[in-house]
Amino acid sequence: MKIFALIFNLFLVFSLSAQKTMDVKLILKYRNNPLCNWDVTIKHGDVTIAKSKSNENGEVTFNSATIYSLSIDAYGYKAFQGGDKKWDVKGYIQLNEQGFASFDFEPLVKETGMPASMLEAAWGLTINDCGQVGSAPKSEEKSMSNTPTKTTEEKPVKEVKEEKYSMEEMQQDMKAGMDNMKLMQENKIANLNSKIEKKTKQRNDLDPQSKEYSELSYEIKDLELEREISKIKLEKVNLQISKGYKPLNKSEKEPLESKEDAFAEEQKSLKKKEKEGYFYGTSELIETSKSKSTEEPKNEEKSQKEESSTESNKEDENSEDNSEISSETTFYSESELSEMSILGLKKYKLECNAIIAKWKLTLKTKNAMLTPAEIEKLKADIILLEGEITLIENELQKRAASKE
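Read on for a plain summary of the structure.

Each value, and the rule that gives it
Residues numbered from 1 in each chain as written. Predicted model: local features only at pLDDT ≥ 70, side-chain atom pairs only at ≥ 80, totals over all residues. Heavy atoms only, no water. Axes fitted to C-alpha atoms, helices over the stretch in contact; angles between N-to-C directions. Helix = DSSP H or I, 4+ residues; strand = E, 2+ residues; numbered from the N terminus. Parallel < 35°, antiparallel > 145°, perpendicular 65-115°, else oblique. Left-handed = near helix turned anticlockwise from the far one by under 90°. Nonpolar A, V, L, I, M, F, W, Y, C, P; charged D, E, K, R; others polar. Pairing = 2+ DSSP bridges. Buried < 20%, exposed > 50% of the residue type's maximum accessible area, 1.4 Å probe, protein only. Polar contact = N/O pair within 3.5 Å; in protein donor to acceptor, adjacent residues only side chain to side chain. Contact = heavy atoms within 4.5 Å. Lys, Arg positive; Asp, Glu negative; His and termini not counted. Salt bridge = Lys/Arg side-chain N within 4 Å of Asp/Glu carboxyl O.

## So, the packing of helix H6 (residues 211–242) against helix H7 (residues 250–275)
Describing two packed helices takes the angle between their axes plus the distance from one axis to the other. Contact pair H6 / H7: the axes reach a minimum separation of 10 Å and the direction vectors enclose 165°. The angle between H6 and H7 places the two elements in the roughly antiparallel class. When you trace H6 past H7, the crossing you get is left-handed. In terms of residue class, the contact of H6 with H7 is made up of nine nonpolar, one polar and 16 charged.

Below, the structure written as structure tokens:
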């Protein structure tokens, strides 16, 4: 019995030492605009810590809250005329030692991969009632209590139906968006595999000491790195789908993002080396390598062979152009699109639409002349470009919203 008592006491001491009682303060905002008059609950998992309401600056204070760690979850609720709004943030809020954290919903909205306007409406992130009395919903309830019983019952029923409909729509759109994203990444990986295979065959016919060999090697490596990034994006989407189409939490997301960042950094380093003129895979400049190779006696027959091989490659490329199947189409990531100007985005969208129209016409008019592999490739490329257009439209929407 003494042993059990000792164990119990030790557990009690450990629990008490782990917990802290302190004032917790959060600043909640979306795109740097405060989330005002929200009823906010903070929790550890399913255990409620404290409840409070945000003020006109999006600040919410929980006095003398007992917390067991500096990582907390937050839940928001707002009674609203168009239907009550709710959101929850799990695994993203980390308090400092003074019990303070500032959280902006914008990165979370971006991570879902869904159109921002859809989530803004569903979660109520753009409700602008700052400066208004936070207890407005209560006065609304009071006024309803003075009206006949029939009216009081009918209004809430109508609001609940509207909210349920919008939430169902949001879930359907999220599922459709993630399914499209999955398909887009799968097609992009297949497209990159095809490009890598083609470029590798072209490189095999070149002199390993030539400038052209180095250029193709850089291009192949860049395609391989882009493929790895797409594989990680596909892994993220598949994980979200396996979770019931829900966003990833911090612990699930961080390992994948660190891998993606590592490949992106390697891409930057690769492009830098190529730009500086280094021969692929060496610390030797291409001009130096070229001058050394010119000093060696060349076999005229070998030179002619290489020349005819190059001509053959050109003919192959021309035949591909004639079939209007382009494996050279450039695809941009979301981060690359975010760096483009609005004019650049609109121009790229027009180009994508023009190429899609051209390829659809090819499928319609030259179907009998194409091989099954060429037909499948064209269809896959069309899906990829349609995905690019979706990304462009999302980026243009963000730019327009930020100006409002």
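There is more to say, and it comes next.
## Things to note about the pairing of strand S1 (residues 20–30)
The side chains of a regular strand alternate between both faces of the sheet. Two elements, S1 and strand S5 (residues 59–67), share seven bridges in a ladder whose sense is antiparallel. Counted as the bridge partner of Val24 is Phe62 from S5. By the bridge criterion, five bridges tie S1 to strand S8 (residues 100–104) in an arrangement that is parallel. Looking at the pairing, Ile27 lines up with Ser102 of S8. Inspection of the sheet shows S1 paired to strand S2 (residues 33–34) by two bridges, in the antiparallel sense. Within the sheet, the bridge partner assigned to Lys29 lies in S2 and is Pro34.

## Points about the side chain of Lys78
The topology assignment puts Lys78 in strand S6 (residues 71–78). On the accessibility criterion, Lys78 (2% relative accessible area) is buried. Reaching out from Lys78, the side chain makes a polar contact with the backbone oxygen of Cys36 at a distance of 2.5 Å. Setting aside its immediate chain neighbours within four residues, Lys78 contacts Cys36, Asn37, Trp38, Asp84, Lys85, Ile127 and Asp129.

## Thoughts on the side chain of Asp104
Position of Asp104 relative to the elements: it lies in strand S8. Despite its burial, Asp104 pairs with no opposite charge, the nearest such side chain being Lys29 at 5.3 Å. A distance of 3.0 Å separates a polar atom in the side chain of Asp104 from the backbone nitrogen of Arg31. A polar contact of 3.1 Å, which involves the side chain of Asp104, links it to the backbone nitrogen of Asn32. The contact partners of Asp104, leaving out residues within four places of it in the chain, are Lys29, Tyr30, Arg31 and Asn32.

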